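# Chains, contacts and geometry: an overview
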Amino acid sequence: MDSPTSSEPLTNYSELIQTLLSKIEVLVNENNADEAQPFLDTLNANIKQWCESSEGPSAEQLELIQLRINTILVKANSAKNESSKAIIKQKKSGKAIKAYKAAN
């Protein structure tokens, strides 16, 4: 009867990490990645605790977590690049408008 109890922390860490990753992913998808830092800090601490626990994650579990993190990072970097392009375009438009007004 010890097996359900001994596997309980493993499930809790796994579920907690998946929940944190979901929250981070939602923030990234909503272009609020700046608000993800507290979740990232908690995620990092929980992964570390899980790895140091007696029922640490398997290599496959860590690979799946890393894959999900990489997917979120790709989305975040893509959104960041799009924002940068939009800002540059807006600045160029603003300069063009000023130049037009100055010429007239």
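Residues numbered from 1 in each chain as written. Predicted model: local features only at pLDDT ≥ 70, side-chain atom pairs only at ≥ 80, totals over all residues. Heavy atoms only, no water.

## Observations regarding the side chain of Glu 25
The topology assignment puts Glu 25 in helix α1 (residues 2-29). Apart from residues no more than four positions distant in its own chain, Glu 25 is found in contact with Arg 68, Ile 72 and Lys 75. (Helix = DSSP H or I, 4+ residues; strand = E, 2+ residues; numbered from the N terminus. Contact = heavy atoms within 4.5 Å.)

## Side note on helix α2 (residues 37-52)
End to end, α2 covers 23 Å across 16 residues, agreeing with the expected 22 Å (1.5 Å per residue, within 8%). Turning to α2, its buried residues are Leu 43, Asn 46, Ile 47 and Trp 50. Down the axis of α2, the buried side of the element spans an arc of 100°, and every buried residue falls inside it. With respect to the buried face of α2, the exposed residues turned more than 90 degrees away are Pro 38, Asn 44, Lys 48 and Glu 52. (Expected span 1.5 Å × (residues − 1). Buried < 20%, exposed > 50% of the residue type's maximum accessible area, 1.4 Å probe, protein only. Arc of directions from axis to C-beta.)

## Considerations on the pattern of salt bridges
Oppositely charged side chains may form a pair once their charged atoms are brought near each other. The final tally for this structure, using the stated rule, is three salt bridges. A salt bridge links Glu 25 to Arg 68, with the nearest nitrogen and oxygen atoms 3.2 Å apart. In this pair, Glu 25 sits in helix α1 while Arg 68 sits in helix α3 (residues 59-103), placing the two residues 43 residues apart along the sequence. Overall, the relative accessible area of 18% leaves Glu 25 in the buried class. According to the relative accessible area criterion, Arg 68 is partly exposed, its value standing at 22%. Residues Glu 82 and Lys 85 are paired through a salt bridge, measuring 3.8 Å at the closest nitrogen-oxygen approach. In this pair, Glu 82 and Lys 85 are both assigned in helix α3, three residues apart and thus about one turn of the helix distant. (Salt bridge = Lys/Arg side-chain N within 4 Å of Asp/Glu carboxyl O.)

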